[in-house]
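Survey of secondary and tertiary structure
Here are the chains, one letter per residue:
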Amino acid sequence: DAGVIQSPRHEVTEMGQEVTLRCKPISGHDYLFWYRQTMMRGLELLIYFNNNVPIDDSGMPEDRFSAKMPNASFSTLKIQPSEPRDSAVYFCASTQLANHLETQYFGPGTRLLVL
Amino acid sequence: DAKTTQPPSMDCAEGRAANLPCNHSTISGNEYVYWYRQIHSQGPQYIIHGLKNNETNEMASLIITEDRKSSTLILPHATLRDTAVYYCIVIGGLGSQGNLIFGKGTKLSVKP
């Protein structure tokens with residue numbers, strides 16, 4: 001298996017622009033998590049899905065953030081409009097219930113820089 | 001979730017065993033001990049987890065004390081590629097939703 005795939009790996013954009021991050025979970029995994037990591041705040045859970053349905057989005061910082069999972073093999077995290085404080089590494093992770101939810105497999109991350 | 005305490009940094013010689021300690025004195029009976037690591041510029045990587053018994057997989061061994069208040073992650077033959085920040089997390093049990101909260105971890109440096 002190729003593991004969790006994220007794209008793009010790096011994104012540089014200007015404040016106010018829309019940013020879309022993409023994730024392909026491991027085939028057969030029915031849970032998908034979006035995290036954000038910064039030096040100041042560490043790793044933060046933004047939202048997670050089970051069987052393509054958002055279960056907990058309490059970590060989404062503002063209405064500027066939205067996430068979708070149209071099917072079992074694809075999810076997006078969108079920021080519109082982006083702000084400099086959104087600069088971070090965004091990780092997608094997946095797992096399946098048989099594993100324990102805490103046994104998560106992470107993608108390589110998208111490094112976002114908002115100027 | 002219970003709080004964990006780890007040394008901020010450790011060194012290990014290549015080929016030797018790396019023993020990374022973690023204290024979790026307030027762990028509750030249904031919580032698991034998880035270990036993850038993060039190599040520079042990569043995503044976190046699951047290593048191993050356990051509840052009460054010692055565990056071993058292809059990556060590492062996990063030794064949990066009988067009172068469950070501390071644990072040790074053992075990398076039996078450390079390589080340069082094992083240089084990373086290692087996170088000990090206590091999580092799970094009823095109501096757990098898989099929210100991984102990493103502390104500061106232990107920065108392991110494997111030296112030639």
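For the structure given in this document, a descriptive report is provided here. Since we're looking at a predicted model, the values are computed, not measured. (Residues numbered from 1 in each chain as written. Chains lettered and ligands numbered in written order. Predicted model: local features only at pLDDT ≥ 70, side-chain atom pairs only at ≥ 80, totals over all residues. Heavy atoms only, no water.)

**A closer look at the pattern of salt bridges**
All names here are of chain A. If you walk through the whole model with that rule in mind, you get nine salt bridges over all chains. Among the salt bridges present, the one from Glu18 reaches Lys78, with a minimum N-O distance of 3.8 Å. Here Glu18, found in the loop between strand S2 (10-13) and strand S3 (19-24), pairs with Lys78, found in strand S8 (residues 74-79); they are 60 residues apart in sequence, far enough to count as distant. Taking the relative accessible area as the measure of exposure, Glu18 reaches 45% and is therefore partly exposed. Arg64 is the partner of Glu83 in a salt bridge, and the nearest nitrogen-oxygen pair spans 3.5 Å. Of the two residues, Glu83 sits in the loop between S8 and strand S9 (88-95) while Arg64 sits in the loop between strand S6 (53-56) and strand S7 (65-71), which places them 19 residues apart along the sequence. Shared partners join several salt bridges into a network, and the residues in it are Glu62, Arg64, Glu83, Arg85 and Asp86. (Salt bridge = Lys/Arg side-chain N within 4 Å of Asp/Glu carboxyl O. Helix = DSSP H or I, 4+ residues; strand = E, 2+ residues; numbered from the N terminus. Buried < 20%, exposed > 50% of the residue type's maximum accessible area, 1.4 Å probe, protein only.)

**Here we look at the nonpolar core**
Residues and elements named next belong to chain B. Counting residues in each nonpolar core, the largest one holds 22 residues, and the members touching the most others are Trp35, Leu73, Tyr86 and Leu108. Secondary-structure elements contributing two or more residues to this core are strand S2 (18-23), strand S3 (32-38), strand S4 (45-50), strand S6 (61-64), strand S7 (70-75), strand S8 (84-91) and strand S9 (106-111). Among the elements that take part in this core, S8 stands out by supplying four residues, more than any other. For Leu73, the residues in contact, after removing those within four places along its chain, are Ala18, Asn19, Leu20, Trp35, Ile47, Ile48, Ala60, Ser61 and Tyr86. (Core = buried A, V, L, I, M, F, W, Y, C linked by side-chain atoms within 4.5 Å. Contact = heavy atoms within 4.5 Å.)

**Some details on the sheet that holds strand S1 (residues 5-7) of chain A**
Residue and element names in this part refer to chain A. One open sheet accounts for four strands, arranged S1-S3-S8-S7; its pairing is antiparallel. Of all strands in the sheet, those with a lone pairing partner are S1 and S7, marking the two edges. Averaged over all pairs of adjacent strands, the angle between their axes in this sheet comes to 15°, without regard to strand direction. Of the strand pairs in this sheet, S1 and S3 are connected by three bridges, and their pairing is antiparallel. In the sheet register, Ile5 faces S3, and the bridge partner there is Lys24. (Pairing = 2+ DSSP bridges. Axes fitted to C-alpha atoms, helices over the stretch in contact; angles between N-to-C directions.)

**What about the state of the cysteines?**
Residue and element names in this part refer to chain A. The full count for this structure, using the stated rule, is two disulfides over all chains. Cys23 shares a disulfide with Cys92; S-S distance 1.8 Å. Taking the sign of the S-S torsion, -65° for the link of Cys23 and Cys92, the bridge is left-handed. Residue Cys23 is found in strand S3, and its partner Cys92 is found in strand S9; the two are separated by 69 residues along the sequence. (Disulfide = S-S within 2.5 Å.)

**Some details on the sheet that holds S2 of chain B**
All names here are of chain B. The four strands lie next to each other as S2-S7-S6-S5, forming an open sheet whose pairing is antiparallel. Every other strand in the sheet has two partners, leaving S2 and strand S5 (55-56) as the edge strands with one partner each. The sheet contact formed by S6 and S7 spans four bridges and is antiparallel. By the bridge assignment, Ile63 is partnered in S7 with Thr72.

Treat this as a map of the structure, not an account of what it does.
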